[in-house]
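What follows is the residue order along each chain.
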Amino acid sequence: MKLRTLIAAAVVAAGPVVISAPAAFADKDPIYTAKRSNLALQGYDTVAYFTLGEPTKGSAEYSTTHNGAEFRFASEENLNLFLGNPEQYAPQYGGYCAWAVAKGQTAKGDAHRWAIVDNKLYLNYNKGIQKKWDKDRAGFITSANTNWPTVLQD
């Protein structure tokens, strides 16, 4: 009888925590990362898009945490550039697909589907979506800026 009472008390005590937990975790992360990873841009160096003009794999040796996600860099120089001004180098919309954000949704951004517009890095979901986005980048950026960051809320 005492064991039942203890179990019942534990269930009642845990009830509010269990009930409120989904609300606390309903929002999406501000930086897109794969489901089982905390790695931004699939491990690609966000600074290299600006300095080399191409996706370049980063290294765990040169990494930092920004907005809860791990960013990796190909060199200490790129890491330091990022640390000096992360907002300049971080992908727009947290690395989510720019076209999806413009449409009021979120989708993964692919590190190989990218563009720099007005010195800002944008990612897209895939080649087909990037073609759609390319047709009216300015319009989609305006819409995405309006939708960001409210699209992170479920």
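Residues numbered from 1 in each chain as written. Predicted model: local features only at pLDDT ≥ 70, side-chain atom pairs only at ≥ 80, totals over all residues. Heavy atoms only, no water.

**As for the nonpolar core**
Spelled out, the test is: Joining through side-chain atoms within 4.5 Å is the link that ties buried Ala, Val, Leu, Ile, Met, Phe, Trp, Tyr and Cys residues into a set, and such a set is a nonpolar core. We call a residue buried when its accessible area falls under 20% of the maximum for its residue type, exposed when it is over 50%, and partly exposed in between, using a 1.4 Å probe and counting protein chains only. Working definition: helices are DSSP H or I runs of at least four residues, strands are E runs of at least two. Numbering for both runs from the N terminus. Throughout, a contact is declared for two residues whenever any of their heavy atoms are within 4.5 Å.
Formed by 19 residues in total, the largest nonpolar core has its most connected members in Tyr93, Trp99, Val101, Val117, Tyr122, Trp133 and Ile141. Secondary-structure elements contributing two or more residues to this core are helix H5 (98–102), strand S3 (110–117), helix H6 (127–134) and helix H7 (137–147). No other element matches H5, which puts five residues into this core. Setting aside its immediate chain neighbours within four residues, Trp133 contacts Ala98, Trp99, Ala115, Val117, Tyr122, Asn124, Phe140 and Ile141.

**Let's talk about unusual backbone geometry**
Residue Pro149 follows Trp148 across a cis peptide bond; omega there is 0 degrees. Within the fold, Pro149 resides in the segment after H7. At Tyr93, a position not held by glycine, the phi torsion is positive, near 55 degrees. Its location among the elements puts Tyr93 in the loop between helix H4 (86–89) and H5. Note on Tyr93: relative accessible area 4%, which makes it buried.

**So, the confidence of the model for the protein**
Filter applied, for reference: As a per-residue measure, pLDDT reflects the predictor's confidence and takes values from 0 up to 100.
For the protein, the average pLDDT comes to 87, and 82% of its residues sit at 70 or higher. Taken as a whole, residues 1–26 scores under 50 in pLDDT and shows two contacts with residues more than four places along the chain or in a different chain.

**Details of a positive patch on the surface**
Here is the rule we go by: Residues qualify for a patch when their relative accessible area is over 30% and they have no salt bridge, like charges being joined within 9 Å and the nonpolar side chains of Val, Leu, Ile, Met, Phe, Trp and Tyr within 5 Å. Computed with the Shrake-Rupley method and a 1.4 Å probe, the accessible areas treat only the protein chains shown as cover for residues. Definition used for salt bridges: Asp or Glu carboxyl oxygen within 4 Å of a side-chain nitrogen of Lys or Arg. Charged-residue counts in this description rest on Lys and Arg as positive and Asp and Glu as negative, His and the chain ends being excluded. Taken as the charge centre is NZ of Lys, CZ of Arg, CG of Asp or CD of Glu, depending on the residue.
On the surface, Lys103, Lys127, Lys131, Lys132 and Lys135 cluster together into a patch of positive charge. Among the secondary structure elements, Lys127 is positioned in helix H6.

**Here we look at the pattern of salt bridges**
This structure, assessed with the given rule, holds two salt bridges. Glu70 serves as the salt-bridge partner of Arg72, at 2.9 Å between the closest nitrogen and oxygen. Arg72 gets classed as partly exposed once you look at its relative accessible area, which sits at 24%. When the shortest N-O distance is used, the salt bridge between Arg137 and Asp134 registers 3.0 Å. Given a relative accessible area of 30%, Arg137 falls into the partly exposed group. With a relative accessible area of 36%, Asp134 lands in the partly exposed category.

**Comments concerning the packing of H6 against H7**
The relative placement of two packed helices is expressed as an angle between their axes plus a distance between the axes. Quick reminder of the rule: Every angle, taken between N-to-C directions, lies between 0 and 180 degrees, and every axis is a line fitted to C-alpha atoms, over only the stretch in contact when it is a helix. Between 65 and 115 degrees an angle is taken as roughly perpendicular, under 35 as roughly parallel, over 145 as roughly antiparallel, and anywhere else as oblique. Side-chain classes are defined by residue name, with Ala, Val, Leu, Ile, Met, Phe, Trp, Tyr, Cys and Pro counting as nonpolar, Asp, Glu, Lys and Arg as charged, and the others, Gly among them, as polar.
Contact pair H6 / H7: the axes reach a minimum separation of 7 Å and the direction vectors enclose 100 degrees. Considering their axes alone, H6 and H7 lie roughly perpendicular with respect to each other. For the pair formed by H6 and H7, the contact residues are Lys132, Trp133 and Asp134 on the first element and Arg137, Phe140 and Ile141 on the second. Across the contact of H6 with H7, the residue classes tally to three nonpolar, no polar and three charged.

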